[in-house]
Amino acid sequence: MQTVCQEIVKELKQSNKTIAFMESCTGGFLANEITNISGASDVLKVSAVTYSNEYKIKFGVNKNIIDTYTVYSEETAQEMAKKISEFANSDIGVGITGELGNTINNKPKVYYTIYLAKDKKYINKTIETTAKQRNEKKKEVAKKVFTDILEAI
């Protein structure tokens, strides 16, 4: 995972772009991996772990979106990505929400969105994790998210 994170930091620096994260189920895992890379402070503007709905809403996520679609939804991930990008004035916002533990239907499912502010474009993805341990689930999700970020930039 270090290699893809190095590439992301390098590409963002070269294109003079920044990124911000609003993470829920991954609990700051994405930000941790990016900040393991030298130079990350040039590209990562802010990362927020909004594990509760209360703090998603405080960061600007529309309560009606959560109430209508649930916190575990593409719509909520979209709002998270856009609102963290706006909050940080970053070129890219990433919102991630979902279930990694006790799940409905026993299918750990994560929703994430990569928001490209300049183009007002949303890249929405869903992943069902296959790992057994929670930390391994976070790694599995992070690898996919980072691969998609690199493709987007």
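Data block above holds the structure.
One structure accompanies this document, and this report is about it. Keep in mind it's a predicted model, so treat the numbers as computed, not measured.

## What about unusual backbone geometry?
Not every positive phi belongs to a glycine, and Asn16 is a case in point at roughly 55 degrees. Structurally, Asn16 is set in the loop between α1 (2–14) and β1 (19–23).

## So, the pairing of strand β3 (residues 92–98)
Most of β3 sits inside the fold, with 7 of its 7 residues counted as buried. Along β3, one buried face is formed by Ile92, Val94, Ile96 and Gly98 and the opposite face, lined by Gly93, Gly95 and Thr97, is buried too. Bridge analysis of β1 against β3 gives 5 bridges, and the strand direction is parallel. Across the sheet, residue Glu23 finds its bridge partner in β3, namely Ile96. Note that β3 and strand β4 (residues 109–116) share 7 bridges and pair antiparallel. Within β4, the position partnered with Thr97 by the bridge is Tyr111.

Rules and cut-offs
Residues numbered from 1 in each chain as written. Predicted model: local features only at pLDDT ≥ 70, side-chain atom pairs only at ≥ 80, totals over all residues. Heavy atoms only, no water. Helix = DSSP H or I, 4+ residues; strand = E, 2+ residues; numbered from the N terminus. Buried < 20%, exposed > 50% of the residue type's maximum accessible area, 1.4 Å probe, protein only. Pairing = 2+ DSSP bridges.

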